[in-house]
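Here are the chains, one letter per residue:
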Amino acid sequence: QVQLVESGGGLVQAGGSLRLSCAASGRTFSSYAMGWFRQAPGKEREIVAAISGNGGSTYYTSSVKGRFTISRDNTKNTVYLQMNSLKPEDTAVYYCAARGGLFWTVRMDQYDYWGQGTQVTVSS
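A word on the state of the cysteines
Now for step 1: If you walk through the whole model with that rule in mind, you get 1 disulfide.
Now for step 2: Two residues share a disulfide in this structure: Cys22 and Cys96, whose sulfurs sit 1.9 Å from each other. Disulfide Cys22-Cys96: the torsion about the S-S bond is 45°, which places it as right-handed. One end of the pair, Cys22, is in strand S3 (residues 18-24); the other, Cys96, is in strand S9 (residues 92-100), with 74 residues separating them in the sequence.
Now for step 3: By relative accessible area, which is 0% here, Cys96 ends up buried.

A look at the packing of aromatic side chains
Now for step 1: For the coordinates displayed, the defined rule picks out 5 aromatic pairs.
Now for step 2: Ring centres of Tyr59 and Trp104 lie 5.3 Å apart, and the angle between their planes is 35°; on these two criteria the pair is classed as tilted. Of this pair, Tyr59 sits in strand S6 (residues 58-60) while Trp104 sits in the loop between S9 and strand S10 (113-114), and the two are 45 residues apart along the sequence.
Now for step 3: Measuring from ring centre to ring centre gives 6.4 Å for Tyr111 and Trp114, while their planes differ by 65°; the resulting arrangement is edge-to-face.

Comments concerning the sheet that holds S3
Now for step 1: Here 4 strands make up an open sheet; going across it, the order is S1-S3-S8-S7 and the pairing antiparallel. Across the chains shown, the open sheet's two edge strands, defined by having one partner strand only, are strand S1 (4-7) and strand S7 (68-73). In this sheet, adjacent strand axes meet at a mean angle of 15° when their direction is disregarded.
Now for step 2: Sheet analysis places S7 next to strand S8 (residues 78-83), joined by 6 bridges and oriented antiparallel. Opposite Ile70, over in S8, you have Leu81 as the bridge partner.

A closer look at the environment of Thr69
Now for step 1: Relative to the helices and strands, Thr69 resides in strand S7.
Now for step 2: Note on Thr69: relative accessible area 40%, which makes it partly exposed.
Now for step 3: Taking the C-alpha atoms as reference points, Thr69 and Ala24, separated by 45 residues in sequence, lie 19 Å from one another.
Now for step 4: When residues no more than four places from it in sequence are discounted, the contact partners of Thr69 are Tyr60, Tyr80, Leu81 and Gln82.

Rules and cut-offs
- Residues numbered from 1 in each chain as written.
- Predicted model: local features only at pLDDT ≥ 70, side-chain atom pairs only at ≥ 80, totals over all residues.
- Heavy atoms only, no water.
- Disulfide = S-S within 2.5 Å.
- Helix = DSSP H or I, 4+ residues; strand = E, 2+ residues; numbered from the N terminus.
- Buried < 20%, exposed > 50% of the residue type's maximum accessible area, 1.4 Å probe, protein only.
- Phe/Tyr/Trp six-rings, centres within 6.5 Å; stacked < 30°, edge-to-face > 60°.
- Pairing = 2+ DSSP bridges.
- Axes fitted to C-alpha atoms, helices over the stretch in contact; angles between N-to-C directions.
- Contact = heavy atoms within 4.5 Å.

Shown next, in the form of structure tokens:
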């Protein structure tokens, strides 16, 4: 069982930055691929970024490429999402998720554990 706790959300002006953190319980964090997802009001949840267990492979959805960076520190059981040049359309609840296995996937149904989410609001 893995428990995930996100933090770092908040209100920021367009063009600003935030760094989200997701702390995981357990001693085998490096054996889980991790993903960040978001859900805006009235929209479906979508993947934002993902990272392999050893951090060597990453994925970004096209709308955040060049602005967001996913990383992980396996010694701290934590995955991060650095968000720069934020836009109002980035406003959403952001969730981290863990998938048993080393490799990420864009499919939500293949992630086993989810955090409670953290709100990110970008004002124009």
